[in-house]
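Here is how the chains run, residue by residue.
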There are 2 protein chains.
Amino acid sequence: VSVPAPRGIRVEVPVQRTAYDVIVRPGVLDELHSFLPPASRYVVITDHHVAPLHGARVLDALRGHGLTADLLDFTAGEANKTRSTWTQLTDRLLGLGAGRDACVIALGGGVVGDLACLVAATYMRGLPVVQVPTTLLAMVDAAVGGKTGVDVEHGKNLVGVFHHPHAVIADPLVLNTLPPQQLRAGLAEAVKHGAILDAAHFDWIHDNAQRLLSLDPEAVSALVTRSVELKGSVVAEDPREHGRRVLLNFGHTVGHALELCSGYTLLHGFAVAAGLRAEARAGELAGITADGTADRVTSLLRACELPLSVPGLDADRVLDGMRMDKKTRAAAQRVVLLAVIGRCARTDDGKWTHALPRHVLRQAVQEVIRDRDNV
Amino acid sequence: VSVPAPRGIRVEVPVQRTAYDVIVRPGVLDELHSFLPPASRYVVITDHHVAPLHGARVLDALRGHGLTADLLDFTAGEANKTRSTWTQLTDRLLGLGAGRDACVIALGGGVVGDLACLVAATYMRGLPVVQVPTTLLAMVDAAVGGKTGVDVEHGKNLVGVFHHPHAVIADPLVLNTLPPQQLRAGLAEAVKHGAILDAAHFDWIHDNAQRLLSLDPEAVSALVTRSVELKGSVVAEDPREHGRRVLLNFGHTVGHALELCSGYTLLHGFAVAAGLRAEARAGELAGITADGTADRVTSLLRACELPLSVPGLDADRVLDGMRMDKKTRAAAQRVVLLAVIGRCARTDDGKWTHALPRHVLRQAVQEVIRDRDNV
């Protein structure tokens, strides 16, 4: 029997959506309808904290514009960012009769965004989603980049997909209902953006920390806008985190381990703040980061009224916790390190992460788990 | 307070993978290793029917080439294509310690492909997957197009994402272990490709039906190659099924309803065969499809030794079942219709689906649920 010569059939997969807009403006929530894609119905997914604060307003506004809109909420908190909640939300969406021409609106902080976007991404192979972040952390960080996910027993965010939003609508005025510590937690990610990518942004946050903490809408808008630009530029280069996007993990290798060791009682932004300090310090100890950099990070975090340390943890447990980080690709612990404020260091062979000896990381971690903020 | 002027920050999302190869060749399974992407480990996901037939061979071959490889299997059958099995497979993958640099190999038929690709797509936001279809249906249809999914109480494939494979490796020789009725079921989708897109393919299947049914490797390779080319060309134009990809649903509106009404005891390919007949006939009744087309479809299905009818169902229940089809975007039942063999009909306003009155669909359905194959 003669058989055909070896050959492959090439299947092309062009892309539909290649860009989306992030709208940052005080009061823009009232114009949400004008940023929505056409859809047969809109389903707002939110949690039980955000629903009473902003849910009715959003729902009424959509219905006022003649749109079919419903609201699904779930019990707030990272503990509910699970496959079980995802299943329930999906089934409720099916129960509403939503088809493939529906649109999800993710109204809330990072947990809502991660979960609602995963529901949208996996519903009939993908509904469009408009993200309406209601925390500073979600505005500067979580709502941009297309990451969705839920936590499982093995770790956080281990199940999820990339699903980029149709648009992100960030209204600084909604932050007026945010608890002060959540506001400060959000600043930690903005500090990170400055530290890894833009010294001017870093310095600007320092100069405007009090305006930001008092929720001056102009200052908050400027902060969110610049952070989104910075994060967006990295995401654009590397949407699936195979390369330079890893820079956004600065502060997070230690930060995630601190969260893990705290039993996730620590606010993400607070863990990141300590992580930023530790990883800046680790870079100095390794001779890679310019001396004085960790002090500048510490000084800015203090200006943002962020806690500088996470007392009561064991350094070795924190180090062991890093191994659970899904970003770990090899046995050696690799960490993003700064060269100076505003620029990350690359290895001689061009990598964005550096393998650090355990004792260096241990010393740096030790400095952020002291009993007191003795810096 | 002055606020910044309304503005949006544009976030670009470039694409990583825009094409993949489908390799169709007798014996190619022995060269699987040469088509894999680099990965720290390979995890073969399959079911308990396929595992003893091909699992050990694939695993040994990978390990023989120095690759780290494991096999996860689950209980075969559409009834297990659920979120629960997805959860279990994900947790077992986590238990193996697979990181983001792992690669999934989906070894099996459509159920394995749908499930394994969904596991890969949602594992740490996406692992690459190589599909190794082991049924004719999966080779000509399921393995190409990037659809993943599981069934839920509300219906089939309602939860899933698009996740295109790194490559598809189709070895006609693995079909030697396939039950004959599964082989015939696979031919139904190939008949569909000819009917909607290529009269020459349609006629070629007729002329080669006996070679195909006796698993002549050359004939099977040619069938799979042409079907993949045809399906690939449609997927390339419309990867997310917003437009012309809907043509691939020809025969499936009725087919899915027949499956539903049979309690999913009917083989998908058998339901599609009856669906192809019914929808060709419906088009004739509506004056859209050329007279004689349904007879040509019937004649080819008979040559492929496919059952021509699905006795014992109630026509009205079948019609009601169509409403559950997630492709339904409106109250009226819209169906893809042929103009002639090899070409679909468009509506006057350019749509690929036609709204059909219930009585027309009812009559066409009636003809494929008669007690006997009286055609």
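For clarity, every value in this text was computed on a predicted model and none was experimentally measured.

Describing the overall build of chain A
Helices and strands together make up the secondary structure of chain A, namely 12 helices and 13 strands. Relative to its length of 375 residues, chain A is compact, with a C-alpha radius of gyration of 21 Å against a globular reference of 21 Å. Principal-axis analysis of the C-alpha atoms gives chain A an extent of 75 × 60 × 35 Å. Counting only residues that meet the buried cut, chain A has 62% of its 375 residues in that class. In chain A, the share of contacts with a sequence separation of at least 24, taken over all contacts with a separation of at least 6, comes to 76%. Of the roughly 13,400 Å² that chain A leaves accessible, carbon and sulfur atoms contribute 50%.

Focus on helix α11 (residues 315–322) of chain A
All names here are of chain A. Three or more residues of α11 are buried, namely Ala-315, Val-318, Leu-319, Gly-321 and Met-322. Looking straight down α11, one finds that the buried residues subtend no more than 155° of arc, so they occupy a single side. Those residues of α11 that are buried are in contact with α8 (252–261) and α12 (358–368). Measuring from the backbone nitrogen of Asp-316 back to the side-chain oxygen at the start of α11 gives 3.2 Å, which picks out Asp-314 as the cap.

Notes on the pattern of salt bridges
Side-chain pairs of opposite charge can arise whenever the charged atoms involved come near each other. Scanning all chains against the criterion turns up 46 salt bridges over all chains. Residue Arg-362 of chain A is joined to Asp-316 of chain A by a salt bridge in which the shortest nitrogen-to-oxygen separation is 2.8 Å. Taken together, the positions of Arg-362 of chain A in helix α12 and Asp-316 of chain A in helix α11 put the pair 46 residues apart, joining distant regions of the chain. Overall, Asp-316 of chain A belongs to the partly exposed group, its relative accessible area being 26%. Its salt-bridge partner being Arg-25 of chain B, residue Glu-31 of chain B comes within 3.3 Å of it at the nearest N-O pair. Using a relative accessible area of 30% as the deciding quantity, one classes Glu-31 of chain B as partly exposed.

With respect to helix α2 (residues 83–96) of chain A
Residues and elements named next belong to chain A. For α2, spanning 14 residues, the distance from its first C-alpha to its last is 20 Å, which sits close to the expected 20 Å at 1.5 Å a residue. Among the residues of α2, Arg-83, Thr-85, Trp-86, Leu-89, Thr-90, Leu-93 and Leu-94 are the ones counted as buried. Once α2 ends, the next one or two residues include Gly-97, with phi positive near 85°.

Description of the environment of Arg-83 of chain B
As for its placement among the helices and strands, Arg-83 of chain B is situated in helix α2 (residues 83–95). Judged by relative accessible area, Arg-83 of chain B falls into the buried class, the value being 13%. Through-space distance from the C-alpha of Arg-83 of chain B to that of Asp-151 of chain B is 7.6 Å; in sequence the pair is 68 residues apart. A distance of 2.9 Å separates the side chain of Arg-83 of chain B from the side chain of Asp-91 of chain A, its partner in a polar contact.

Here's the deal with unusual backbone geometry
Residues and elements named next belong to chain A. Unusually for a residue other than glycine, Met-124 sits at a positive phi of about 50°. Relative to the elements of secondary structure, Met-124 occurs in the loop between α3 (110–122) and β6 (129–133). Within the chain, Asn-157 stands out as a residue other than glycine whose phi angle is a positive 55°. As for its position among the elements, Asn-157 is in strand β8 (residues 155–159).

Conventions we followed
The numbering scheme is per chain: residues are counted from 1 as the chain's sequence reads. Chains and ligands are labelled sequentially in the order written, the chains with letters from A and the ligands with numbers from 1. Selection of residues for local features in this predicted model requires a pLDDT of at least 70, selection of side-chain atom pairs for listing and counting requires 80 or more, and totals for whole chains, interfaces and linings are taken over all residues. Values shown for side chains rest on all heavy atoms present in the structure; no hydrogens or waters enter the calculation. A run of H or I in DSSP becomes a helix once it reaches four residues, and a run of E becomes a strand once it reaches two; helices and strands are each numbered from the N terminus. Values of the radius of gyration come from C-alpha atoms, whereas the globule rule sets the reference at 2.2 Å times the count of residues to the power 0.38. Exposed residues in this analysis have more than 50% of their type's maximum accessible area, buried residues have under 20%, and partly exposed residues fall in between, with area computed by a 1.4 Å probe over protein chains only. Whether two residues are in contact is decided by their heavy atoms, any of which lying within 4.5 Å being enough. The method behind every accessible area is Shrake-Rupley, applied with a 1.4 Å probe, and residues are considered shielded solely by the protein chains displayed. What the arc measures is the spread of directions leading from the helix axis to the C-beta atoms. Identification of polar contacts relies on pairs of N or O atoms within 3.5 Å, with a donor-acceptor requirement for protein atoms, meaning one able to donate a hydrogen and the other able to accept it, and with residues adjacent in sequence counted only if both atoms are side-chain atoms. Salt bridges are counted wherever a side-chain nitrogen of Lys or Arg sits within 4 Å of a carboxyl oxygen of Asp or Glu. By this rule the span expected of a helix is its residue count minus one, scaled by 1.5 Å.

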